[in-house]
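Observations on the three-dimensional arrangement
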Amino acid sequence: MPRYFLEVSYKGDNYSGFQVQENATTIQSEVEKAFNTFFRKPVSLTGSSRTDAGVHAIQNFFHFDWEEEFLQKSIYNINSILPADIAIKSAKLVKADAHSRFSAVSREYKYFISFSKNPFMNDRAWFFPYQLNEDLLLQAAAFIKENDNFISFSKQHTQVKTFQCQIEKSIWTRNEDSIIYTVKANRFLRGMVRALVSTMLQVARENISIQEFKTLLEGKIKATADFSAPAKGLFLTSVSFKKDIFL
């Protein structure tokens, strides 16, 4: 049976996360409902990267099996059914054993922080009107690349076999009145990016020292980092896959 990767983009404000949940509206439940409405038959979607409630995505993926050829013109019809804050961007034919989660080689997230109150960014950035030592912020981001165990930055009740993550990129960049944290890795733990952001900001405000941050990175106690960064500033920006899975 043909298998497809479905590329989606969404604003997460109105949803209880990416993956389907009982008695909750999620990105997956809305897309499955739109498929069922248009094709008059159910589809079973498998998600790539699980984003939490309120987190946005410029690019995320599902995979699904379809008995016949999935016509690209169907994307227009499904998008017309979906809410305005969810969009399907593409459907790509892949090998039968390709998996939207396990065939991914990396994910990239960006976290947006605004220093100025901006009504047009209120749902897409964390308004943070505090003085920061940006040199310390850069130092903290660099230390993250040297670490590979992030148990301290994983939320409680996270059921994973390992807390190992290989970080490819960890940098802060500055615009006129905002800063952006970009992090890329082979995998992420639940709440990890927001915990990294909020804890680094504590370093930059000099509430904790850079040495205390390093000790936290090297620690082995789950959920000891700061998790105060709100979901609205976080975007999943890209998911990269093994190139040989696409047909």
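Look up: the structure comes first, before these words.
Because the structure is predicted, anything quoted here is derived from the model rather than measured. (Residues numbered from 1 in each chain as written. Predicted model: local features only at pLDDT ≥ 70, side-chain atom pairs only at ≥ 80, totals over all residues. Heavy atoms only, no water.)

1. Notes on the packing of helix α3 (residues 134–145) against helix α5 (residues 210–218)
Helices that pack against each other are described as a pair by the angle of their axes relative to one another and the distance between those axes. Running from amino to carboxyl end, α3 crosses α5 at an angle of 20°, the nearest separation of the two axes being 10 Å. As the angle between them shows, α3 and α5 are arranged roughly parallel. Considering the relative orientation of α3 and α5, their crossing is right-handed. Judged by residue contacts, L136, Q139, A140, F143 and I144 of α3 engage I210, F213, K214 and L217 from α5. Taken together, the residues of the contact of α3 with α5 sort by class into seven nonpolar, one polar and one charged. (Axes fitted to C-alpha atoms, helices over the stretch in contact; angles between N-to-C directions. Helix = DSSP H or I, 4+ residues; strand = E, 2+ residues; numbered from the N terminus. Parallel < 35°, antiparallel > 145°, perpendicular 65-115°, else oblique. Left-handed = near helix turned anticlockwise from the far one by under 90°. Contact = heavy atoms within 4.5 Å. Nonpolar A, V, L, I, M, F, W, Y, C, P; charged D, E, K, R; others polar.)

2. Some thoughts on the environment of A140
On the secondary structure map, A140 appears in helix α3. Residues A140 and Q211, 71 residues apart in the sequence, show an inter-C-alpha distance of 9.4 Å. In this structure, A140 is in contact with M200, I210 and F213, ignoring residues within four places of it in sequence.

3. Quick look at helix α1 (residues 27–39)
The end-to-end C-alpha distance of α1 is 18 Å, a good match for the 18 Å that 13 residues give at a rise of 1.5 Å each. Among the residues making up α1, those that are buried are I27, Q28, E30, V31, E32, A34 and F35. Packing partners of the buried residues in α1 comprise β1 (3–10), β3 (56–65), α2 (74–81) and β4 (86–94). Trailing α1 by a residue or two, R40 shows a phi angle of about 60°, which is positive. (Expected span 1.5 Å × (residues − 1). Buried < 20%, exposed > 50% of the residue type's maximum accessible area, 1.4 Å probe, protein only.)

4. Thoughts on the side chain of H99
With respect to the helices and strands, H99 occurs in the loop between β4 and β5 (104–114). When sequence neighbours within four positions are dropped, the list of residues in contact with H99 reads F5, T46, H63, A104 and F241.

5. Thoughts on the pairing of β3
Most of β3 sits out of view: eight of its ten residues are buried. Both strand β2 (residues 46–47) and β3 contribute to a ladder of two bridges, which runs antiparallel. In the strand pairing of β3, T46 is matched with H63. One ladder, built from two bridges, connects β3 with strand β9 (residues 234–241); its direction is parallel. Within β9, the residue paired with H56 across the bridge is F235. (Pairing = 2+ DSSP bridges.)

6. Overview of the pattern of salt bridges
According to the stated counting rule, one finds eight salt bridges in the structure shown. The partner of K33 in a salt bridge is E30, with the nearest N and O atoms 3.4 Å apart. Linking K33 with E30, this pair stays in helix α1, spanning three residues, or about one helical turn. By relative accessible area, which is 13% here, E30 ends up buried. Here the residues in one salt-bridge network are K11, D123 and R124, joined through shared partners. (Salt bridge = Lys/Arg side-chain N within 4 Å of Asp/Glu carboxyl O.)

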